[in-house]
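# Notes for the structure review
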Amino acid sequence: MGKLSGKTAVITGGNSGIGLSTAKAFVDEGANVVIFGRDQKSLDDAVETLGEAAIGVRGDVTSDTDLDALYAAAKERFGKVDALFANAGIADFAPLADASVDHFDRVFDVNVKGVFKTVQRGIDALSDGASVVLTTSVSNTKGMASMSAYSASKAAVRSFARTFSAELVARGIRVNAISPGPVATPIYTRAGLSEDEIEAMGAGMADQIPLKRFAEPREIASAVLFLASSDSSYVVGTELVVDGGWTQI
Ligand code: NAD
């Protein structure tokens, strides 16, 4: 029997990178998954890979209407939501001197308001005893140039794990955050960086990481699986750092 047999999980950003890898890990452990993302083609491709245990819902985490449709679809197909991975996010980097208000608003709209709304609109759909996992980042504790808006957005998400827990723990709902270091996903190309810039940034970061490499998405997924399953039944409001030792050594 799998660690998530009979459970239903909703995963935002489940059509790419960390979210997709987590969807695969959850399905392998017996879960039904509802993946949510903006791009229909990658949602369709992901559902085909994941098989019958998965459905895809297209939408944007900044839209209440889309989120309501997400939870309605999850309940209609599977009846309940036992795990929620509020993972969708964007990377958008700019030096403080050049950063526009649009840049700041874009990052906070998706990474902060999007996570806030994802959990808020899902409260009624979540079953008692559910597990909620939020994606923050080690950047919430590291000062890195050009990352002021992104890192602050992830610090807000770290805080949500505590405050959402305080509100939801009476229903047995545990909220925790996963905090990855650099992970090899499409997020860097989406951030508008060129291949050369990604390679230079990657080499610079990898050099500082004790394990000397980026994480593979599945290495984050296995930590999310721990937080989503009863293996972490006494873990509440915390942040699980998965960063190859970057922030510790
Ligand atoms: P990714 O680009 O592969 O995946 C991000 C997903 O979020 C995509 O499916 C995208 O469509 C979705 N998304 C973005 N904006 C959305 C919106 N407005 N509405 C709905 N969906 C939206 O990148 P990833 O690396 O897998 O990122 C997943 C999470 O991990 C993000 O929150 C990111 O900040 C965080 N993270 C990534 C890294 C890394 O190095 N890759 C490190 C730390 C934290």
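The structure this text deals with has already been given above.
For the structure given in this document, a descriptive report is provided here. Note that the coordinates shown come from a computational prediction; the quantities given were computed from them, not determined experimentally.

Thresholds, definitions, all that
- Residues numbered from 1 in each chain as written.
- Predicted model: local features only at pLDDT ≥ 70, side-chain atom pairs only at ≥ 80, totals over all residues.
- Heavy atoms only, no water.
- Buried < 20%, exposed > 50% of the residue type's maximum accessible area, 1.4 Å probe, protein only.
- Helix = DSSP H or I, 4+ residues; strand = E, 2+ residues; numbered from the N terminus.
- Pairing = 2+ DSSP bridges.
- Polar contact = N/O pair within 3.5 Å; in protein donor to acceptor, adjacent residues only side chain to side chain.
- Phe/Tyr/Trp six-rings, centres within 6.5 Å; stacked < 30°, edge-to-face > 60°.
- 1 Å grid on protein atoms, 1.4 Å probe; cavity = no way out; pocket = protein on both sides within 12 Å on 5 of 7 lines; lining within 4 Å.
- Points joined across faces, edges and corners; volume = space filled by probe spheres on them.
- Nonpolar A, V, L, I, M, F, W, Y, C, P; charged D, E, K, R; others polar.
- Axes fitted to C-alpha atoms, helices over the stretch in contact; angles between N-to-C directions.
- Parallel < 35°, antiparallel > 145°, perpendicular 65-115°, else oblique.
- Left-handed = near helix turned anticlockwise from the far one by under 90°.
- Contact = heavy atoms within 4.5 Å.

## Some points on the pairing of strand β1 (residues 8–12)
- Across the 5 residues of β1, 5 count as buried, placing the element largely inside the fold.
- Of the two faces of β1, both are covered, the one formed by Thr-8, Val-10 and Thr-12 as well as the one formed by Ala-9 and Ile-11.
- Two elements, β1 and strand β4 (residues 81–86), share 3 bridges in a ladder whose sense is parallel. Within β4, the residue paired with Ile-11 across the bridge is Phe-85.

## Brief notes about the side chain of Asn-140
- With respect to the secondary-structure elements, Asn-140 resides in the loop between β5 (126–135) and α5 (148–168).
- Within the structure, Asn-140 has its side chain in polar contact with the side chain of Thr-136 (distance 2.9 Å).
- Side chain to side chain, Asn-140 and Glu-239 meet in a polar contact 3.0 Å long.

## Re the packing of aromatic side chains
- Scanning the model with the defined rule gives 6 aromatic pairs in all.
- An angle of 85° between the planes, with centres 5.6 Å apart, marks the rings of Phe-93 and Tyr-150 as edge-to-face. Of the two residues, Phe-93 is situated in the loop between β4 and α4 (101–122) and Tyr-150 in helix α5; the sequence distance between them amounts to 57 residues.
- Given the relative accessible area of 10%, Tyr-150 is considered buried.
- Where Phe-160 meets Phe-164, the ring centres are 4.8 Å apart and the plane angle is 10°; that geometry is what we call stacked. Pair noted here: Phe-160 and Phe-164 are both in helix α5, with a separation of 4 residues, about one helical turn.
- For Phe-160, a relative accessible area of 11% translates into the label buried.
- Classification of Phe-164 by relative accessible area gives buried; the value is 11%.
- What links up through ring pairs into an aromatic cluster is the set Phe-116, Phe-160 and Phe-164.

## Focus on the layout of surface pockets
- Empty space within the largest pocket amounts to approximately 750 Å³.
- Listing elements by their share of the lining of the largest pocket, those giving two or more residues are α1 (17–28), β2 (32–37), α5, α6 (187–190) and α7 (195–208).
- Classifying every residue of the lining of the largest pocket by side-chain character gives 21 nonpolar, 16 polar and 5 charged.
- Lys-7, Gly-129, Ala-228, Ser-229 and Ser-230 are, among the 15 residues lining the second largest pocket, the residues nearest its centre.
- Listing elements by their share of the lining of the second largest pocket, those giving two or more residues are β4 and β5.
- A total of 5 residues in the lining of the second largest pocket trace back to one element, the largest contributor, which is β5.

## Thoughts on the packing of α1 against helix α8 (residues 217–228)
- Here α1 crosses α8 at 55°, and the two axes come no closer than 8 Å. It follows that α1 is oblique to α8 by the angle criterion. When you trace α1 past α8, the crossing you get is right-handed. From α1, Gly-17, Ile-18, Ser-21, Thr-22, Ala-25 and Phe-26 reach across to α8, where they touch Pro-217, Arg-218, Ile-220, Ala-221, Val-224, Leu-225 and Ala-228.
- Across the contact of α1 with α8, the residue classes tally to 9 nonpolar, 3 polar and 1 charged.

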